[in-house]
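Remarks on the overall topology
Now for the letters of each chain:
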Amino acid sequence: MITLLELKEKLKNFYTDHELLLRPVLKFFAVFFAMMLIKFNIGYMDILNIWPVVLGISILFAFLPWGVIIVSLGVIIIVNIFALSVELTVLVLISILIMILFFFRFTPKEGAFLVVIPLAFFLKIPYIIPIAAGLVCTPVSIVSVSCGTIIYFMLSVISENSAAIKNMSGENSESESINTVIKLISNNNEMILTVIAFAVTIVVVYLIKRAAMNNSWTIAILAGGIADFVIILVGGIILNTENSILWLIVGTVISLLLAYVLQFFVFSVDYSRTEHTQFEDDEYYYYVKAVPKINVTAPEMNVKKINAQRKRKTINKKMGNKN
């Protein structure tokens, strides 16, 4: 355990010392994977999906704030869909504008969620997102998590029905095409179920982790994982969604493990040294429970250089003095 705590301190110190370099690197990889998902799902605008352009955009966005990154990725999505269908572009543009307005109104500092959520879905571990949001954020993060989830399913629906959308744009009137696409997205029971499950999970994790009881974060992670699993499993059976039970189990287990790793780095306390105290003022009695953090100073290695030639000269000099 001490070794892990020392490793944690080393990693924290390393990040603190190299934060100016590491933050752009992390943004680069997040944007790069987001561009890859756009390329392989709705890459209908060829010029935006060639490798030099993808790398160039990823490098440029690495030095921008998350808010600017979100808006810029939204523009890239709209441009790609414009190459597929003009009517669909109008619908997606309105949807993204509404989500961006909600995002900047309630959770402007949580732009990473909108970029990371599609990647988490691609890796089959999206259940880590609501647990992590409940641990390190507030229930308001439901807005950013829901927006990211809706964007993922919207792109997924468009990708799966691209051929049908092209035919609709060519044969039907504009209003009929838009109505058909709206039905494809709004009738997606899996998307609705996932949004509800993630929202409930965030609230459950947040409420339990704030409770004044030992191991509240550990219990919150486990309760959130179970709540998410049960809602998606039972809801999937009722709504007849196409969720794979095997991937649901595997994804939940991996998400729980990642959540415990997050807890280790964010919230390490020693409940064995918990203290209780009380005091009062003119109006209230205060009962305080204090749990100390686990802080371990990473050992520093001091390398002492020995100049063998200087040591030899010193020895010879001492020998000459004796003679």
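Everything discussed here concerns the structure shown above.
Before going into details, it helps to say that this report is about the structure given with it. (Residues numbered from 1 in each chain as written. Predicted model: local features only at pLDDT ≥ 70, side-chain atom pairs only at ≥ 80, totals over all residues. Heavy atoms only, no water.)

1. Remarks on the overall build of the protein
Worth spelling out the cut-off: Numbering of helices and strands runs from the N terminus; a helix is a DSSP stretch of H or I covering at least four residues, while a strand is a stretch of E covering at least two. For this analysis, residues touch if any pair of their heavy atoms sits within 4.5 Å. Computed by Shrake-Rupley with a 1.4 Å probe, the accessible areas treat only the displayed protein chains as cover when residues are assessed.
Each helix and strand counted, the protein has 14 helices and two strands in total. Long-range pairs, those at least 24 residues apart, make up 71% of the contacts in the protein with a sequence separation of at least 6. Element-wise, carbon and sulfur atoms account for 65% of the exposed surface of the protein, whose accessible area totals about 19400 Å².

2. Quick notes on a negative patch on the surface
Convention followed: Each patch is built from residues lacking any salt bridge and having more than 30% relative accessible area; the joining distance is 9 Å for like charges and 5 Å for nonpolar side chains (Val, Leu, Ile, Met, Phe, Trp, Tyr). Each salt bridge in this description consists of a side-chain nitrogen of Lys or Arg and a carboxyl oxygen of Asp or Glu lying within 4 Å of one another. We score Asp and Glu as negative and Lys and Arg as positive, and we do not count His or the chain ends. By convention, the point assigned to a charge is CZ for Arg, NZ for Lys, CD for Glu and CG for Asp.
Where like charges cluster on the molecular surface, the negative patch consists of E280, D281, D282 and E283. Among the secondary structure elements, D282 is positioned in the loop between β1 (275-280) and β2 (285-290).

3. A short note on the pairing of β2
In plain terms, the rule: In this analysis, strands are considered paired if DSSP registers two or more bridges between them.
Looking at chain direction, β1 and β2 are connected through six bridges and run antiparallel. Residue pairing across strands places H276 opposite K289, the latter belonging to β2.

4. Side note on the pattern of salt bridges
Selection rule: Three exposure classes are used, based on accessible area relative to the maximum for each residue type with a 1.4 Å probe and protein chains only: buried under 20%, partly exposed in between, and exposed over 50%.
Taken as a whole and assessed by the stated rule, the structure comprises one salt bridge. Between E19 and R23 there is a salt bridge; the shortest N-O distance is 3.5 Å. Taken together, the positions of E19 and R23, both in helix α2 (residues 19-42) and four residues apart, correspond to about one turn of that helix. The class of E19 is partly exposed, set by a relative accessible area of 31%. Residue classification places R23 among the partly exposed residues on the basis of a relative accessible area of 43%.

5. Description of unusual backbone geometry
Phi angles above zero are rare outside glycine, and K124 is one such case at about 70°. Considering the arrangement of structural elements, one finds K124 in the loop between α6 (111-122) and α7 (128-136). We classify K124 as partly exposed; its relative accessible area is 42%. Of note in this structure, N215 is not a glycine but carries a positive phi near 55°. Note on placement: N215 falls in the loop between α11 (189-209) and α12 (216-239). Exposure remark for N215: the relative accessible area of 40% places this residue in the partly exposed category.

6. Regarding the layout of surface pockets
Convention followed: Of the grid points, spaced at 1 Å and generated over the protein atoms alone, those admitting a 1.4 Å probe that cannot get out make up cavities, while open sets with protein on both sides within 12 Å along at least five of seven lines make up pockets; any residue with an atom within 4 Å of a point is treated as lining. Grid points are joined across faces, edges and corners, and a volume is the space filled by probe spheres set on the points. Each residue gets one label: Ala, Val, Leu, Ile, Met, Phe, Trp, Tyr, Cys and Pro are nonpolar, Asp, Glu, Lys and Arg are charged, and the others, such as Gly, are polar.
If you add up the space inside the largest pocket, you get close to 1100 Å³. Lining the largest pocket we find 26 residues, and of these Y15, L26, A112, V116 and L262 sit closest to its centre. At the level of elements, α1 (2-17), α2, α6, α7 and α13 (245-266) are the ones that each hand at least two residues to the lining of the largest pocket. With six residues, the top contributor of residues to the lining of the largest pocket is α2. In terms of residue class, the lining of the largest pocket is made up of 20 nonpolar, one polar and five charged. Of the volumes computed, that of the second largest pocket is approximately 700 Å³.

7. Some thoughts on α6
For α6, the set of buried residues is G111, F113, L114, V115, I117, P118, A120 and F121. Structurally, α6 contributes buried residues whose contacts are with α2, α4 (66-82), α5 (86-106), α7, α8 (142-160) and α11. Backbone geometry just downstream of α6 places K124 in the positive-phi region, at approximately 70°.

Functional significance is not addressed by these values, which are geometric in nature.
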